[in-house]
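Report on the structure
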Amino acid sequence: GVGRALVEACLARARATGHREIVLSSLADMRTAHRLYASLGFERAVDLDWSPHPRIVLHGYRRRL
């Protein structure tokens, strides 16, 4: 419940400040988080994938507000 509440708070703040989209990065193996993001309307965005280190791959997610 805490993760969902945090993401919902971020979405509310983004909306309140006039943003039209929110993006996030998540470690590739964080499958529970990925399910949470999907349940909150985020879509996988391969164009946002990146690697801050050769052994770390981050998956991108996007949600239009």
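Every value quoted in this text rests on a predicted model; they were computed, and no experiment measured them. (Residues numbered from 1 in each chain as written. Predicted model: local features only at pLDDT ≥ 70, side-chain atom pairs only at ≥ 80, totals over all residues. Heavy atoms only, no water.)

Notes on the confidence of the model for the chain
For the record, the criterion: The predictor rates its confidence in each residue with pLDDT, a number between 0 and 100. Numbered from the N terminus, helices here are DSSP runs of H or I no shorter than four residues, and strands are runs of E no shorter than two.
Averaged over all residues, the pLDDT of the chain equals 97, while 100% of them reach at least 70. The element-level mean pLDDT for the chain is lowest in strand β3 (residues 50–53), coming to 96, with strand β2 (residues 43–44) highest at 98.

Quick word on the packing of helix α1 (residues 2–16) against helix α2 (residues 31–39)
Heads up, the condition is: With axes taken as lines fitted to C-alpha atoms, and helix axes fitted only over the stretch in contact, angles between N-to-C directions fall between 0 and 180 degrees. Oblique is the label for every angle not falling under 35 degrees (roughly parallel), over 145 degrees (roughly antiparallel), or within 65 to 115 degrees (roughly perpendicular). Each crossing gets its handedness from the near helix: less than a right angle anticlockwise from the far helix is left-handed, clockwise is right-handed. Two residues qualify as a contact provided that any one of their heavy atoms is within 4.5 Å of a heavy atom in the partner residue. The classification used treats Ala, Val, Leu, Ile, Met, Phe, Trp, Tyr, Cys and Pro as nonpolar, Asp, Glu, Lys and Arg as charged, and all other residues, Gly among them, as polar.
Between α1 and α2, whose axes approach to 11 Å, the crossing angle comes to 45°. Here α1 is positioned oblique relative to α2, judged by the angle of their axes. Where α1 crosses over α2, the two elements pack in a sense that is right-handed. Between α1 and α2, the residues in contact are G3, R4 and V7 and L36, Y37 and S39, respectively. Class assignment of the residues belonging to the contact of α1 with α2 gives a composition of 3 nonpolar, 2 polar and 1 charged.

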